[in-house]
Amino acid sequence: MKIAALAGGVGGAKLVQGLADHLGPDRLTVIVNVGDDFDHLGLRICPDLDTVMYTLAGLANPVTGWGRADETWAFLETLEALGGPTWFRLGDRDLALHVERTRRLREGARLSQVVEQACLRLGVQHRILPASDDPIPTLVETAEGWLNFQEYFVARRCEPEVRGFRFSGAEQATPAPGVLEAIEAADSVVLCPSNPWVSLDPILAIPGLRDAIRARPVVGVSPIVGGEAVKGPAAKMFRELGIRPTAAAAAAHYAGLLQLWIIDDQDDRHRKDIESLGLRVWVTNTLMPTYDDRRRLAAELLAWLEREMVMDLK
Ligand code: FO1
């Protein structure tokens, strides 16, 4: 079974870790959101790419999900003492990645090349691809006006009410090398339980990707469990956009793309609504606090896919 998984940050990375446990490097490619990327302190920061890479390298900070475990903070403490901006927390080891990426990009390397080298150096065998090598900064329209993504997410802690999103430059962006090929070669595309609005939509906004994905069997895992996001502002965004956040609403968000939708036991009552969208539903424990949970959910997803594809999904 060859899988192309679409992922954003923390939530998506958990399922990716589970999938990577079952699928060798030749059978799993991860396509990662670049909408969170921004320039900070003169450095190019790529949070979702780094979160997926650190997770697969076994280096991710288990508490936050982003940044590294066993981190030290001498740089940030010194920056603070010098009066520099410390709202975006950069650990010393994490900082080296941003410095090296910025150096390589300035030399003219593509983002996908920089990611490939970092994966090689950190011992990540699976292919991690940025959705695009072009910058596609996510802008968040709020009651207070437009905010850059990290301004909204970190500086303002997701408080402002959202009105909409813009994936700036998406129309001119092209999929990174290997992205379309990975989707076309995949037996199935997996939409990981990331934020639909600001983690997966920025990927789907890149010309050509939605059509390429639609041509493959697609399975997704609901990022909404029990009416809330497991982590982050996804449910708050649904509500602020006038949509009751349920596992069914999350499925409807991807209408036309999905065939299979995996929801948590708590959301079994939404099964009928989701089936009325023309989707098949698998109900299980989708919470993944531990590595074993991630492995188990990934195993269930792959087994269900096998069964459904035998039933000629497409
Ligand atoms: N998220 C925060 O809420 N606060 C931070 O200080 C922070 C620092 C940070 C540093 C490196 C990195 O790769 C991610 C970081 N994140 C931080 C997460 C980042 O905002 C991501 O965009 C979110 O995880 C959403 O995907």
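See the structure printed just above.
Residues numbered from 1 in each chain as written. Predicted model: local features only at pLDDT ≥ 70, side-chain atom pairs only at ≥ 80, totals over all residues. Heavy atoms only, no water.

**Looking at the nonpolar core**
Counting residues in hydrophobic clusters, the biggest one holds 93 residues, and the most contacted among them are Leu-15, Leu-19, Ile-128, Trp-261 and Leu-301. Here the element with the most residues in this core is helix α13 (residues 291-310); it accounts for 6 residues. Formed by 6 residues, the second largest nonpolar core is a distinct cluster that contains Leu-43, Ile-45, Phe-88 and Leu-90. (Core = buried A, V, L, I, M, F, W, Y, C linked by side-chain atoms within 4.5 Å. Buried < 20%, exposed > 50% of the residue type's maximum accessible area, 1.4 Å probe, protein only. Helix = DSSP H or I, 4+ residues; strand = E, 2+ residues; numbered from the N terminus.)

**As for unusual backbone geometry**
The phi dihedral of Asp-70 falls on the positive side, at around 50°, and the residue is not glycine. Along the chain, Asp-70 turns up in the loop between α2 (47-57) and α3 (74-81). One non-glycine residue with positive phi stands out, namely Arg-157, at about 50°.

**Brief notes about the site of the ligand**
The local shell around the ligand consists of Asp-36, Pro-47, Asp-48, Trp-66, Trp-87, Phe-88, Arg-89, Asp-94, Phe-149, Gln-150, Phe-153 and Val-154. Within the side chain of Asp-48, an N or O atom sits 2.8 Å from an oxygen atom of the ligand. Contacts to the ligand include Arg-89, whose backbone N or O atom sits 2.9 Å from an oxygen atom. Considered on its own, the ligand offers 530 Å² of accessible surface; in the complex 89% of this is hidden by protein. At the level of elements, α2 and α6 (149-155) are the ones that each hand at least two residues to the shell around the ligand. The greatest single-element share of the shell around the ligand, amounting to 4 residues, is contributed by α6. Per-class residue counts for the shell around the ligand are 7 nonpolar, 1 polar and 4 charged. (Near = heavy atom within 4 Å. Polar contact = N/O pair within 3.5 Å; in protein donor to acceptor, adjacent residues only side chain to side chain. Areas by Shrake-Rupley, 256 points an atom, 1.4 Å probe, with all protein chains shown as cover. Nonpolar A, V, L, I, M, F, W, Y, C, P; charged D, E, K, R; others polar.)

**Observations concerning the packing of helix α1 (residues 10-22) against α2**
Two elements in contact, α1 and α2, have axes whose closest approach is 9 Å; the angle formed by their N-to-C orientations is 35°. For the element pair α1 and α2, the recorded crossing hand is right-handed. Contacts from Val-10, Ala-13, Val-16, Gln-17 and Ala-20 in α1 reach Thr-51, Val-52, Thr-55 and Leu-56 in α2. When the residues that make up the contact of α1 with α2 are grouped by side-chain class, the tally is 6 nonpolar, 3 polar and no charged. (Axes fitted to C-alpha atoms, helices over the stretch in contact; angles between N-to-C directions. Left-handed = near helix turned anticlockwise from the far one by under 90°. Contact = heavy atoms within 4.5 Å.)

**With respect to the side chain of Thr-142**
The residue Thr-142 is located in strand β6 (residues 138-142) in this model. Polar side-chain contacts of Thr-142 include one of 2.9 Å to the backbone nitrogen of Glu-144.

**Looking at the sheet that holds strand β14 (residues 280-284)**
Pairing within the open sheet is parallel, and its 7 strands lie in the order β5-β2-β1-β9-β10-β13-β14. Where the open sheet ends on each side, the last strands, each with one partner, are β5 (127-130) and β14. Going from strand to strand, the sheet's axes swing by 20° on average, the running direction of each strand aside. Judged from the 3 bridges that link them, strand β9 (residues 188-191) and strand β10 (residues 218-221) form a sheet pairing that is parallel. Among the inter-strand pairings, Leu-191 is bridged to a residue of β10, identified as Gly-220. Lying on the sheet, α1 is in contact with β1 (3-7), β2 (28-32), β9 and β10; it crosses β2 at an angle near 170°. (Pairing = 2+ DSSP bridges.)

**Thoughts on the sheet that holds β6**
Backbone hydrogen bonds hold the strands of a sheet together, and the pairing may be parallel or antiparallel. Pairing is antiparallel across the open sheet formed by 3 strands, whose spatial order is β7-β6-β8. Looking at the sheet topology across the chains shown, the edges are occupied by β7 (145-148) and β8 (162-167). Taking the axes of each pair of neighbouring strands and ignoring which way they run, one obtains an average angle of 25° across the sheet. Helix-sheet contacts for helix α8 (residues 196-204) involve β6 and β8, and the interaxial angle to β8 is about 25°.

**Some points on the packing of aromatic side chains**
The final tally for this structure, using the stated rule, is 8 aromatic pairs. Aromatic side chains Phe-149 and Phe-153 sit 5.3 Å apart centroid to centroid with 25° between the ring planes, which places their arrangement in the stacked category. In this pair, Phe-149 and Phe-153 are both assigned in helix α6, 4 residues apart and thus about one turn of the helix distant. A connected cluster of aromatic rings, assembled from ring pairs, spans Phe-38, Trp-87 and Phe-88. Cation over ring: Arg-89 sits above Trp-73, and NZ or CZ is 4.5 Å from the ring centre. For Arg-166, the ring lying beneath its charged end belongs to Trp-146, and the centroid distance is 5.8 Å. (Phe/Tyr/Trp six-rings, centres within 6.5 Å; stacked < 30°, edge-to-face > 60°. Lys NZ or Arg CZ within 6 Å of the ring centre and 35° of its normal.)

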